[in-house]
Structure formats: structure tokens, C-alpha cells
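Letter by letter, the chains look like this.
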Amino acid sequence: MKLNEKEIRKAWDLFHPNGDLAEIRVFKGKNARRGYFTDAETAIQALQKLPEGTQVYHAVQKLSADFQPPNVGVFEAGKAVKDADISNYRWLILDFDTIPAHNNSRNATDAELSHTLDICGEVTDTLCSMGYGFQRPAIIGSGNGYHAFFRIDLQNNNNSRNLLKNVLHTLDALYSDDSTEIDKTVYNPSRIIRLPGTFSYKGEQNGGRFAVIEESGDNSKINDANTLQRLSIHFEPATEATHGNTKKAPF
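Anyway, here's the lowdown on the structure attached to this text.

The rules behind the values
Residues numbered from 1 in each chain as written. Predicted model: local features only at pLDDT ≥ 70, side-chain atom pairs only at ≥ 80, totals over all residues. Heavy atoms only, no water. Helix = DSSP H or I, 4+ residues; strand = E, 2+ residues; numbered from the N terminus. Buried < 20%, exposed > 50% of the residue type's maximum accessible area, 1.4 Å probe, protein only. Axes fitted to C-alpha atoms, helices over the stretch in contact; angles between N-to-C directions. Parallel < 35°, antiparallel > 145°, perpendicular 65-115°, else oblique. Left-handed = near helix turned anticlockwise from the far one by under 90°. Contact = heavy atoms within 4.5 Å. Nonpolar A, V, L, I, M, F, W, Y, C, P; charged D, E, K, R; others polar. Pairing = 2+ DSSP bridges.

### A look at the overall build of the protein chain
At step 1: Across its full length, the protein chain carries six helices and 13 strands.
At step 2: Buried residues in the protein chain amount to 51% of all 251 residues.

### Quick word on the packing of helix H5 (residues 158–175) against helix H6 (residues 225–232)
At step 1: Where H5 meets H6, the axes come as close as 8 Å, and the angle between the chain directions of the two elements is 45°. For the element pair H5 / H6, the angle class is oblique. The handedness of the crossing between H5 and H6 comes out as left-handed. Judged by residue contacts, Leu163, Leu164, Asn166, Val167, Thr170 and Leu171 of H5 engage Ala225, Leu228, Gln229, Leu231 and Ser232 from H6.
At step 2: For the contact of H5 with H6, the class distribution of residues is seven nonpolar, four polar and no charged.

### A closer look at the sheet that holds strand S2 (residues 31–37)
At step 1: Spatially, the five strands line up as an open sheet ordered S5-S2-S1-S3-S10, and their pairing is antiparallel. In the strand order of this sheet, the two ends are held by strand S5 (75–76) and strand S10 (192–194), each with one partner.
At step 2: With seven bridges joining them, strand S1 (residues 22–28) and S2 adopt antiparallel strand pairing. Within S2, the residue paired with Phe27 across the bridge is Ala32.

### What to know about the environment of Ala211
At step 1: Mapped onto the elements of the fold, Ala211 is located in the loop between strand S12 (209–210) and strand S13 (212–215).
At step 2: Of the residues examined, Ala211 reaches a relative accessible area of 0% and is grouped as buried.
At step 3: A C-alpha to C-alpha distance of 4.3 Å links Ala211 and Ser142, two positions 69 residues apart in sequence.
At step 4: Look past the residues within four positions of Ala211 in its chain and what remains in contact with it is Gly141, Ser142, Gly143, Arg194, Leu195, Pro196, Gly197 and Thr198.

If you want it as C-alpha cells, here you go:
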């Protein structure tokens, strides 16, 4: 299958440093398999054996030290990582979806992706420059949208999940429009995200793009719970479903 090995190695250094165990989940049609890896080279070797058209995702939050994978270094059928298997959130994930491509019917056009990147840039610039104290995120081009990853370190518990949920709802209400949507559901701990260095296919698999790391971000400091809380207090349930509005963030 098509791989950009350099991007996979960069992603591994960013998301799975120090030999941390990572889950990679792969899909080919209705068939799903998962594998567990501790280094990029073993993961790349296993991915090279997969058929063209395979979709590749990875879990980015920290697995519990008690988690015992059935096997390491191979893809096989079986149960994937569950929310309860995650000990800590390492990332606040902002998933900027290009809406026409969101239903898997086709690839986003260059113009649609450009608009989504503009929204991503507006949101991340605001969070990092308007007194909220956010550090620069890693930016990933997923092939049909963009992801921003802000470094955090929160225990996996109800308080953390609710805090991240409120942040996502706040940003969706403020910035989503008819062309780009900020996904409100990516706060669950075991969420999987497309692995950089692998190919994004839509519809009949014509065209498509590699997922790539656009910016590595500033991971020298952690965005703490207080930083997230200052943003989440702006969540207004009545505005949750409002898209295409002209309201801007009150900060």
C-alpha cells in the first residue's frame, strides 16, 4: 500500500515517544483489524503488507500501564482499545471536517480544503494569541480536513471528558459554518485519528491525498486544565446546533 515512511516516523516521534505502546487500527471495506506497536519501523513493516485502499488510523491518548495487548507487531481481528483502557489524555483534538467530504462520498476539493484550513488557522491563532495561553498545536492535514492537536495531560475521568466536550461544543458553536464543521465527538479517550504518512481515500478511492504533518507545534509546555476551563465556560447549549453564524469568540 502507499506509505510516506518519513511522515509516519515523524508522527511516531510526536505521538508515541519513548517506546510507548500504540494501537493502529486498519479498515478495508467492512473488515477491521488492529495492531499494537512500540516503534515506527515495526509498524511500517506491518503496514507495507496491507492491500491498497486500506484506511489507517491510530489512537493518540496514553494507554494504561495495565493494558495487555494480545500480540505486538501484527495486525489481527479482535477487540480494539476501549475508553477504559486509556489512563490519560495527552491531546486536545480539534477535528476540522470539510462537510462535503464528511459522508465518505467523495474527496474534498482543493478549494474546500483551503476554506477548512482558513477556519483551522483562525481558531488556533485565536486560542494562542488572545490571552488564553494555549501553546501552538501540531497541525495535521488528514487528506480531507485538518486536525489540530494541543498538548495536555489530564486523567481519564468524567471531569476531563466533560471539560473537553465543552471546549469542542464552544468552538463548534463559534466557528463551524456550512462548509467546515468542528467535530464535537472527538473527546472520547479511545478516539482514533488518521495516521500521518498514510493515504486518505473517499468514495470509489479515486484521487485522495496523504495525511501529513503541517506543523509540529510547541510541545514544550502543557496546556493545563485552567487554560481549557477558561474557554469552556463560554459554552452555551442553545447555540450548540448553530452553524454558519457570524458570532465570533468573546475573547
